[in-house]
Every structure is written in C-alpha cells, then in structure tokens.
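Structural description and commentary
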Amino acid sequence: MTHDNLDRSLWIVLIAVVAATLALSFLPASNQSAETQMTGGRANDQKLLREARILIIQRRYEPVETLIKLGQNQQALLKLEEISRSYPADPHAYILRGELLSAMGAPAEAASSFAQGVKLEGGYVDKNSPLSKRAAISRLVEAELSKPNPGSSPQSRINDIRYLQSRLAGGCE
Amino acid sequence: MGLLGVLLSVWGNPENSGICISCFMENSAGALGLHGNARLQYLRPELPGFVLGAVLSAFAAGEFRPRGGNAPVLRLFSGLFLIVGCAIFVGCPIKMLLRLCAGDLTALIAAAGLVSGVWIGLQLLARGVDLGPQQETNSVNGFLIPLLFVLLFIFVIIPPPFVIASTEGSSSRHAPVFISLASGLFIGAIAQRSRFCITGSLRDIILMGKRAPQLAGFAAFAVSAIIVSIATGGMRVSLYGQPGAHLEHFWSFLGMLLVGWISVMIGGCPFRQLVKAGEGDADAGMAVAGMFLGGALVQSWGIAATAAGVPNSGKVAALAGIAFALLVSLFFRNRSTN
C-alpha cells in the first residue's frame, strides 16, 4: 500500500481530501442561507404547494360550501358542476360531490365520486391530512358493507367500495 | 424476522409493511430526491440497518470477502426489474409473506407466481443458464456499497437539508428511528449468519422437498408473524379491503413470477442482495444499485401499482421484465453442458 513515493503521496492527498470533506460536512457554512435555499428547496416547495393548495381550495369552493351550510344541496351540486367544468381534474370536486351525493341518499354515486377523488389525491383518506375526509368516507363504506349481500351489487359499485376499503385499511401506496 | 416484521408495523410502519425492501427502496429513493411523489419520501432506517448489520456480522465471522463476477450491467438491470416486479404486486417477497400471515388472500396468487418464477429459474439453471463465476476482487469493490450505506446511516442520524421526508401518505408513517435502525441491524446480522432468503429457501424446498431445513425456517417465520398479527389485532382474513392490495391477480402473479425468476438468476431475493452486498459481494452491490434506480423509476414513470390496480405502464414494464429474463436466459446459456 505504501510501496513507493507515489503511493505515499496518494495516501497523504487522500487523507487531506477526506479530512476536508468531513470538515466541510460538519462545520457551519458561512453562506448557509443560500445553501439551505438550494438544498432544502424541494422540501420547502412541497410545503408551500400544500399550503397554497388548501387556500386555493377554500377560495374556489367557497360558494359551494356556503350553499351546503344553508342546506341547499341541490344548488350546491349545480354550482359544483359549474366549477368542475373549469377544473375537471381537481380531486376536491370529486370529494365534495361524494359528500353531497352521500347526504342526498345516493351512496353508489357517492362511492364512485369518492373513489375518483382518492385515486387522484390520497390525502383525503389520511388521518393527519388537513384535507382529510376519512370519517365521511369510512361512514359510507361501512354503511355499504353492512348491507345484506353487498357482493350482489353492480361490479363497478362494489369495486369502488372495495377500493375505498383498501385505502382506509392503510398499507403502502 | 416474522415477529419484527409485524411489530415494526405496530410501532409505526404502514400496515403489512414492517419489512418491505421494495417499499423501502421507493421511499428512500424519494427521500434522496430521485422521484417526485411527495407521499413516498422517507429515508427508511431499516435499509442501512440491514446492510451494516450484515457487514458487522460478516466481519465478526470472518466472512467479509470482496468478490465479483461478470455482467455488471446485467445485474444492475436485474435489480431494477426486481423492483418493477415487486411494484406490480405492491411488495417484496418478505412483505408477501407478511401479507399472507395477516390474512391477505390476494397474496396467495402472488405466492404462486413467486414459486413459479423460482421453478422456471431453476429449470433454466439446470439447462445451462449461468451469469458466470465469481472471483475474489479488489477490496475497494466490496467496500463501496457498504460505504454508501454508511453515508445513508449518517443521513438517518443527522438528516441533511436535501433529504426529504413526507408529511402525508404512507411514508409519513414510520416506527421511531432508533427502533427501526436497531431492528434493521439485528435482522441484517441474523440474515447474514442464517443466509436467509425467501427465493433461496423456495429453491431448496423445490430441490430437496421435506428434507430442506428452510421449511422449518418458513414455519418459524409464519407462526411468529401469525401469532403477533392475531395478538396485535392485525389479522383479517379476506380477499377484499386489504391494506395496499389490488385485485388484478394475473398481474400480481406475473410480477412475483418475474421476481422469483430474476432472484434465482442472480442468486437471491431483494433482501438477500442487500445482505450479500454487506458481505462484500460487488455483484449484489450492482443489483442493489439497480434496485435504487428501480425504486425511483417505478414512481417517476407511473409503473407502481396501487390499491386502484396496475397502471398500463406497469403492465408494459412487467412484460419488459419478462422479455429481459428471457433474453438473459438465451444469451447467458452454456449449451455445452447439455
């Protein structure tokens, strides 16, 4: 390993480089703010996106939420359809529609809408998400599964219920 | 292992995922910024635990032996397709066993796929398919992957700002870091001593039948996992509503067939590749690198299955994996032995 001068030189340089690497890793950087901005940027971006999304959802669906609070579910559903035309892939619209349809006594359609929303955004069945609708989805799934012979329901409907049941059970995604 | 596999879920890991190499690879690849699924980013401490536990055990037993063979790029791709197969089923062979022991009947068809894959791999090995012999190699080759995991170990203890951790989704759920690390170190060490490997055990059972000592190992794993599942309320025997499971059984079968087949070709399941990399096996190290790459690609390219089913790109990737295994079998076959 230290056969000649070249070996010895390489070892010395290696030790110096490793020491410098360790020192740079553990010493507080002088220009930390810029560095943190670069390396921690993605985590910050994700946090900002989450917060922005909640604000956008609140603003976008405020008219629907107001109508729901007034008990005008039919009008709320119409307003939701109107908004959905502008934002067709927004999972929150599916979740809101699921809540409305469930309240209006259409569990099959509600399950389908919930399943669409959860497929697009899994946070709706998380326990710790600010957007979580886990309780409402759980209630619907339990009610549907407690019906006699749920397996005799149309396949698409039972598939939605089973999908939601699996997502509520947790596990890896 | 059966005991810890269930207990890690009780302590915080997602249901039926106390130990899952493919999930851990996808989570860790995300934490290092290799994919953008914000719900699957967490540097799982069990991973460096497995490798470093194996390193310590191998050194203690005088079994750390830097070695390697040929076809390194092939092993890289093998590792990648191992994770593709696992992602189609949603779990590695260890998780498949844990799912079975928690009453998830969808894992039965995957188990059939895994056994079929191991059987196909064995038939091909018997007919001359061989990636080449291993030789002793320069010690640096054997140390590089363990060093990478030392770095990941440091990242777990002192997370640098570029390591991302999900705040929502299954990756936000994890056992306490030091429990995960300690469990990983312990499991890595005992797996190195016992040569534990799901597909290797299946191979020996197929070859030796009832005389295979691995039967007792399987039984011990299953009995301990079933008892702890029942004791902790995790047992629910059903085909439906299982955590992180889908109902596309044909693709579950095919995904695990791919895993079994490739595992026999490269000499071990995903978990065994990690342990062998910890023993200084550079070939296994290449497979581990491929597994990391696979963990990133299955998320970035939308290959991974979910409870909703297997996406089309996942089906294409599984078939590409089968084509890869067929190509390897065709071009790495020593026909003079027959």
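Residues numbered from 1 in each chain as written. Chains lettered and ligands numbered in written order. Predicted model: local features only at pLDDT ≥ 70, side-chain atom pairs only at ≥ 80, totals over all residues.

The helix and strand inventory of chain A stands at 9 helices and 0 strands. Element order for chain A, N to C, with α for helix and β for strand: α-α-α-α-α-α-α-α-α. Counting across all 173 residues of chain A, residues that qualify as buried make up 28%. Of all intrachain contacts in chain A linking residues separated by at least 6 positions in sequence, the fraction that spans at least 24 positions is 45%. (Helix = DSSP H or I, 4+ residues; strand = E, 2+ residues; numbered from the N terminus. Buried ≥ 20, exposed ≤ 12 C-beta atoms within 10 Å, placed from the backbone. Contact = placed C-beta atoms within 7 Å.)

Here the focus is helix α11 (residues 249-266) of chain B. All names here are of chain B. In a regular helix each residue adds 1.5 Å, so 18 residues correspond to 26 Å; α11 covers 26 Å between its end C-alpha atoms and thus fits that length. Most of α11 sits out of view: 16 of its 18 residues are buried. Where α11 terminates, the next one or two residues include G267, which has phi positive at roughly 80°. (Expected span 1.5 Å × (residues − 1).)

Listed per partner, the contact involves 22 residues of chain A and 28 residues of chain B. Elements that contribute at least two residues to the side of chain A that touches chain B include exactly α2 (32-39), α3 (41-60) and α9 (155-169) of chain A. For the side of chain A that touches chain B, the element with the most residues is α9 of chain A, which contributes 6 residues. A breakdown of the residues in the side of chain A that touches chain B according to their chemical character gives 4 nonpolar, 12 polar and 6 charged. (Nonpolar A, V, L, I, M, F, W, Y, C, P; charged D, E, K, R; others polar.)

Residue and element names in this part refer to chain B. Positive phi values are uncommon outside glycine, yet N16 reaches one of about 60°. For V90, which is not glycine, the phi torsion reads 70° and is therefore positive. Tracing the backbone shows V90 in the loop between α4 (72-89) and α5 (93-101). V90 gets classed as buried once you count the C-beta atoms within 10 Å, which come to 32.

Below, the discussion takes up the confidence of the model for chain A. With 90% of its residues at a pLDDT of 70 or more, chain A shows a mean pLDDT of 87. Taken element by element, chain A is modelled with least confidence in α2 of chain A, mean pLDDT 55, and with most confidence in helix α6 (residues 91-103) of chain A, mean pLDDT 95. (pLDDT = per-residue confidence, 0-100.)

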